[in-house]
Amino acid sequence: MSEMIERVARALSKARSIVGAPQDPSPVDRYLARAAIAAMREPTEGMVKGGRNTADCDVNVFASYYSDTIAFWRRMIDAALRD
């Protein structure tokens, strides 16, 4: 189980514990964590814009790195989904 899946599963479990569910992550929590992380594989336009704004660089400079940035993001998500 990857560290990120376990982290998200624990967060889901903790959130469920507020309504009386057990605190230890269940197999369902891990399945939901994996699905949530996989859904983030494609960044939204808002995420990309936020990254560009945070980078504090010229739009044209950022555009030249855009495809590399997306590929890097996808590789990070893929790594989080590996067991």
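Before reading further, recall that the structure is shown in the block above.
Here, residues in each chain are numbered from 1, in the same order as that chain's written sequence. Per-residue local features of the predicted model are confined to residues with pLDDT of at least 70, and side-chain atom pairs are confined, for both listing and counting, to 80 or more; whole-chain, interface and lining totals are unaffected and use all residues. Excluded from the side-chain calculations are hydrogens and water; all other atoms, namely the structure's heavy atoms, are used.

Engineer: I would appreciate a short explanation of the side chain of Asp 29 in the present structure.
Structural biologist: Mapping Asp 29 onto the fold places it in helix α2 (residues 27-39). Classification of residues uses two cut-offs on accessible area relative to the type maximum, computed with a 1.4 Å probe and protein chains only: under 20% is buried, over 50% is exposed, and between them is partly exposed. For Asp 29, a relative accessible area of 1% translates into the label buried. Numbering of helices and strands runs from the N terminus; a helix is a DSSP stretch of H or I covering at least four residues, while a strand is a stretch of E covering at least two.

Engineer: Teacher, can you tell me more about the nonpolar core here?
Structural biologist: When a protein is soluble and globular, its nonpolar side chains tend to lie buried together. Buried Ala, Val, Leu, Ile, Met, Phe, Trp, Tyr and Cys residues that are joined via side-chain atoms within 4.5 Å together make up what is termed a nonpolar core. Core analysis: the biggest nonpolar cluster contains seven residues, these being Ile 5, Ala 9, Ala 33, Ile 37, Ile 77, Ala 80 and Leu 81. Looking at this core, the elements that each hand over two or more residues are α1 (3-17), α2 and α4 (59-81). The element contributing the most residues to this core is α4, with three residues. When neighbours within four sequence positions are excluded, Ile 77 is seen to be in contact with Ile 37, Met 40 and Arg 41. The contact definition used throughout considers only heavy atoms, calling two residues in contact when any of these lie within 4.5 Å.

The values are spatial; any link to function lies outside them.
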